[in-house]
Structure formats: structure tokens, C-alpha cells
Amino acid sequence: MMCLVVLFHCKVAEAATYTVEGASGWTFNMVDWPKGKNFKAVFNYTLGTHNVVVVDESGYNGCTTPSGAKVYQTGKDQIKLVKGQNYFICNLVGHCESGMKIAITAT
């Protein structure tokens, strides 16, 4: 599922865009390609029409926002992925329930 997200390499002062590919483009034997890279998910949307909320699995499954959850609202949100499962929803009324949510596994 990670391939569905725009990926960025993240350093303290700079970020570089990575295209998921090897010497021959998107091909076989890509399992080691992510090693040594830190990735961010980039969520682009029109300001004010959506948001991105970092949730746990329960929040994802139930379309609920836990107390203290981080809410992004810039329209160009860059969120560092943590190792393991990462869950995101839009918590505007009806959006998550209509499928505006994503679970990303980062290894």
C-alpha cells in the first residue's frame, strides 16, 4: 500500500523526492529500495475542504478522532511515517465514513 502515497526522503533541513524505481524503473527485486530512507506521506487538498487526522486503528475503523489527535489542515500536509501501521482519516462530517481514510504500513 505504500506505493499509493507520494514519498519523500526527510532530513532535518531538507527533503528530496524519491520516485519508486530501480535502475529499470518500477520492477522486480525492489524489496531493499526503501532501506535507509525516511518517508513522509503528502496529502494535497483544497484548503478548508478536508483535513488529515493521525489516528490509531480504532479511530481508523470507527472514523473517530481520539482526544489529543494531531489534526493537519494546510492542504499540503507532510507527515512522517512511523515504522509499522500509520492511520489517517479526514474527520469532517461524513468524509471518513465515505472512505476518506488510509492505512499505510511503513517498514
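This one's a predicted model, so the numbers in the text were calculated from it and none came from an experiment. (Residues numbered from 1 in each chain as written. Predicted model: local features only at pLDDT ≥ 70, side-chain atom pairs only at ≥ 80, totals over all residues. Heavy atoms only, no water.)

**Quick word on the overall build of the protein chain**
Right, so step 1: The secondary structure content of the protein chain amounts to 1 helix and 8 strands.
Right, so step 2: Starting at the N terminus and walking to the C terminus, you meet the elements of the protein chain as β-β-β-β-α-β-β-β-β.
Right, so step 3: Sequence-distant contacts, at least 24 apart, represent 60% of the contacts inside the protein chain between residues at least 6 apart.
Right, so step 4: For the protein chain, the exposed surface amounts to about 6900 Å²; the carbon and sulfur share of it is 54%. (Helix = DSSP H or I, 4+ residues; strand = E, 2+ residues; numbered from the N terminus. Contact = heavy atoms within 4.5 Å. Areas by Shrake-Rupley, 256 points an atom, 1.4 Å probe, with all protein chains shown as cover.)

**Regarding the environment of Gly-68**
Right, so step 1: Topologically, Gly-68 is positioned in the loop between α1 (57-62) and β5 (71-72).
Right, so step 2: Taking the C-alpha atoms as reference points, Gly-68 and Val-54, separated by 14 residues in sequence, lie 10.0 Å from one another.

**Considerations on the side chain of Asn-86**
Right, so step 1: For Asn-86, the position within the fold is in strand β7 (residues 84-89).
Right, so step 2: Among the polar contacts listed, one links the side chain of Asn-86 to the backbone oxygen of Gly-84, at a separation of 3.1 Å.
Right, so step 3: Discounting residues that sit within four places of it in the chain, Asn-86 has contacts with Lys-80, Leu-81, Ile-102, Ala-103, Ile-104 and Ala-106. (Polar contact = N/O pair within 3.5 Å; in protein donor to acceptor, adjacent residues only side chain to side chain.)

**Quick look at the sheet that holds β5**
Right, so step 1: Here we have 4 strands laid out as an open sheet, ordered β5-β4-β7-β8, and antiparallel in their pairing. Lying at the two open borders of the sheet, with one neighbouring strand each, are β5 and β8 (101-106).
Right, so step 2: Looking at chain direction, strand β4 (residues 52-55) and β5 are connected through 2 bridges and run antiparallel. Within β5, the residue paired with Val-53 across the bridge is Val-71. (Pairing = 2+ DSSP bridges.)

**What about the pairing of β4?**
Right, so step 1: When β4 meets β7, the two strands line up antiparallel, connected through 3 bridges. Across the sheet, the residue bridging to Val-55 is Tyr-87, located in β7.

**Side note on the confidence of the model for the protein chain**
Right, so step 1: The share of residues in the protein chain with pLDDT of 70 or more is 75%, and the mean pLDDT across the chain is 80.
Right, so step 2: When mean pLDDT is compared element by element in the protein chain, β5 scores highest at 98, while strand β1 (residues 7-10) scores lowest at 36. (pLDDT = per-residue confidence, 0-100.)

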